[in-house]
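So you can see what is in the structure, the chains are spelled out below.
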Amino acid sequence: MTLKIEKRAWAEPYKMKMVELLKMTTKAQRNKALKEAGYNTFLLRSEDVYIDLLTDSGTNAMSDRQWAAFMTGDESYAGSKSYYNMERAIQTYYGYKYVIPTHQGRGAENILSQILIKKGDVIPGNMYFTTTRLHQELAGGKFEDIIIDEAHDALNEFPFKGNVDLNKLEKIVNKYGADKIPYVSIATNVNMAGGQPISMENLKELRKYTLQHGIRIIHDMTRVAENAYFIQQREKGYLLKTIKEIVHEICSLTDGATMSAKKDALVNIGGFLATNEWDVYEEARNLVVVYEGLHTYGGLAGRDMEAIAVGIKESLDDYHQKARIGQVEYLGKRMQEYGIPIVKPIGGHGIFVDAKAFLPHLSQDDFPAQTLAAEIYADSGVRTMERGIVSAGRNSKGENYYPKLELVRFTIPRRVYTQAHMDVVAESTAMVYDRRKKIKGMKMIYEPKYLRFFQARFEKIK
Ligand SMILES: *Cc1c(COP(=O)(O)O)cnc(C)c1O
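Residues numbered from 1 in each chain as written. Predicted model: local features only at pLDDT ≥ 70, side-chain atom pairs only at ≥ 80, totals over all residues. Heavy atoms only, no water.

The next subject is the domain arrangement of the protein chain. Domains assigned within the protein chain are domain 1 (27-56 + 318-460) and domain 2 (64-315). Taken over C-alpha atoms, the centre of domain 1 sits 26 Å from the centre of domain 2. Summing both sides of the interface, domain 1 and domain 2 together bury roughly 2,900 Å²; the carbon and sulfur share of this comes to 55%. Counting every contact that joins domain 1 to domain 2 gives 5 salt bridges. Of the charged contacts in the structure, one is a salt bridge between Asp 56 and Arg 223, with a shortest N-O distance of 2.6 Å. Between domain 1 and domain 2 we count 16 residue pairs in polar contact (both at pLDDT 80 or more) in total. Counting residues per element, the ones that place at least two in the side of domain 1 that touches domain 2 are helix H13 (318-337), strand S9 (350-354) and helix H16 (389-392). When its residues are assigned to classes, the side of domain 1 that touches domain 2 shows 13 nonpolar, 6 polar and 11 charged. (Domains from an automatic or database assignment. Buried area = accessible area lost by both parts, 1.4 Å probe. Salt bridge = Lys/Arg side-chain N within 4 Å of Asp/Glu carboxyl O. Polar contact = N/O pair within 3.5 Å; in protein donor to acceptor, adjacent residues only side chain to side chain. Helix = DSSP H or I, 4+ residues; strand = E, 2+ residues; numbered from the N terminus. Nonpolar A, V, L, I, M, F, W, Y, C, P; charged D, E, K, R; others polar.)

Attention now goes to the pattern of salt bridges. Counted by the stated rule, this structure contains 27 salt bridges. Among the ionic pairs, Lys 23 bridges to Asp 48, the shortest N-O distance being 3.0 Å. In this pair, Lys 23 sits in the loop between helix H1 (2-5) and helix H2 (27-36) while Asp 48 sits in the loop between H2 and strand S1 (51-52), placing the two residues 25 residues apart along the sequence. Take Lys 23: its relative accessible area is 37%, and that puts it in the partly exposed class. (Buried < 20%, exposed > 50% of the residue type's maximum accessible area, 1.4 Å probe, protein only.)

To continue, consider the sheet that holds strand S11 (residues 385-387). Taken in spatial order, the 3 strands of this open sheet run S9-S12-S11, and their pairing is antiparallel. The strands lining the two open edges of the sheet, one partner per strand, are S9 and S11. If you compare each strand with its neighbour and ignore which way they point, the axes differ by 35 degrees on average. In the sheet, S11 pairs with strand S12 (residues 407-411) via 3 bridges, with the strands oriented antiparallel. Bridge assignment links Met 385 to a residue of S12, and that residue is Arg 409. (Pairing = 2+ DSSP bridges. Axes fitted to C-alpha atoms, helices over the stretch in contact; angles between N-to-C directions.)

Grouped together as the largest cluster of nonpolar side chains are 73 residues, with contacts concentrated most on Tyr 94, Met 221, Val 247 and Phe 272. For Val 247, the residues in contact, after removing those within four places along its chain, are Tyr 93, Tyr 94, Val 224, Ala 225, Ala 228 and Leu 316. Membership of the second largest hydrophobic core comes to 33 residues, among which are Trp 10, Tyr 330, Val 353 and Val 382. (Core = buried A, V, L, I, M, F, W, Y, C linked by side-chain atoms within 4.5 Å. Contact = heavy atoms within 4.5 Å.)

Next up on the list: helix H8 (residues 200-213). For H8, with 14 residues, the first-to-last C-alpha span of 20 Å sits near the 20 Å given by 1.5 Å per residue. Buried residues of H8: Met 200, Asn 202, Leu 203, Leu 206, Arg 207, Tyr 209 and Thr 210, and no others. Check the buried side of H8 and you find it contacts helix H7 (166-176), strand S5 (183-187), strand S6 (216-220), helix H9 (224-234) and helix H10 (243-252). Where H8 ends, the next residue or the one after it, Gly 214, has phi of about 65 degrees, a positive value. (Expected span 1.5 Å × (residues − 1).)

Here we take up the site of the ligand. Taken together, 14 residues lie near the ligand, and Arg 106, Asp 220, Arg 223, Ser 260 and Lys 263 sit nearest. One nitrogen or oxygen atom from the side chain of Gln 104 is found 2.8 Å from an oxygen atom belonging to the ligand. For the ligand, an oxygen atom lies 3.0 Å from a polar atom in the side chain of Asn 191. At the level of secondary structure, the elements contributing two or more residues to the shell around the ligand comprise helix H5 (105-116) and helix H6 (130-138). (Near = heavy atom within 4 Å.)

So, about the pairing of strand S4 (residues 142-145). Direction of pairing for strand S3 (residues 122-125) relative to S4: parallel, over a ladder of 4 bridges. Its bridge partner lying in S4, Pro 124 is registered against Glu 144. With H6 bridging S3 and its parallel neighbour S4, the resulting β-α-β unit is right-handed. (Right-handed = clockwise from strand over helix to strand, strands pointing away.)

Here it is in structure tokens:
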């Protein structure tokens, strides 16, 4: 029961059995590596990184039980036992009826978008996600942001910044008509807002509204367990409920889901598409063979599916989530002690430093978040990533999106780093903060066509 563990520290409910040794680098080595990487932290070699907070995607440490399950993977081409184990875990813990495995989250987004979106459709969602929006657009749809305004304000302390503004949704429904809206896209623990949760109350209101208008809710459930933890801790009536119960309730309010198992589900690769609709499932089974593989493996090895089945269960443990989010909060509080501007409230999967407030002398066209990520790496070998104008990309007319939030994301892999590592991260960021006035921006010298943040290259402004 959550109440009983409430007053204790967030210490991890596991101990270490194996460690991975790291290469320690000098400042000169890091400056060289950074230059070669075009000042894009995505292009650094991980060998040159000390503490890697680029992403929490696929960087989780698996448990001894997951590794044991790995060895039981059934590598049959068709009808693998491991598929049925994964399917059972998804049906049991999330409650969706039909399951299609995919190599990762975007594989599921591709298939789902192709099935549900027609040219000219509109997909409202609680803030965009890079790959999700791109697949919606490639399928001929247009994304419309319906998250509450508070989510775009880094300093607003509203506890559920992932909530939908139903007035914004109603305007879109009135403008385009419900038949142009194949679904509302709802992310739990909204990544781009800084890992911020949606409340159960808001989701229930959205369910009511969408049922009245015959619109589906598709759930981007990549971080559903982290969202459930915040509901447990913050929402009236949920403190005595388990994360397992809350996750099940969230899923029951939606019609289908895409998931990147590389986050919540504690594995290094994998994902799936889930739906309660037979017709959608039928079409997905047809499409998955084109893009991923047979519908009982979808680009995954049997061992991956076994590890996901165990990982889903472990992700719903109350002690696990308390330690997971406790560690993130610990880093956030250390940063606040140094006066570093971060997104508040502290989110589920990382700390988001407000680069506009950190480097107020730079314009957004000088790429403040990209610059800051490079400076932090140079200082200590801590790798973070840009979530600002570079990530936001360009619209279909080729114009830059100018997102209100210009953030550097310090994403914490699950079960990987210690409290002392978090101290190093906070100290290093504070060192850069001390000399912030001397920091100049950058210019982009190479820009890829899609998802430019992954491979763009930069130069320092002299
Ligand atoms: C990571 C992520 C995805 C995409 O999943 P991949 O496994 O990286 O393809 C989609 N939505 C959200 C919210 C994510 O965090």
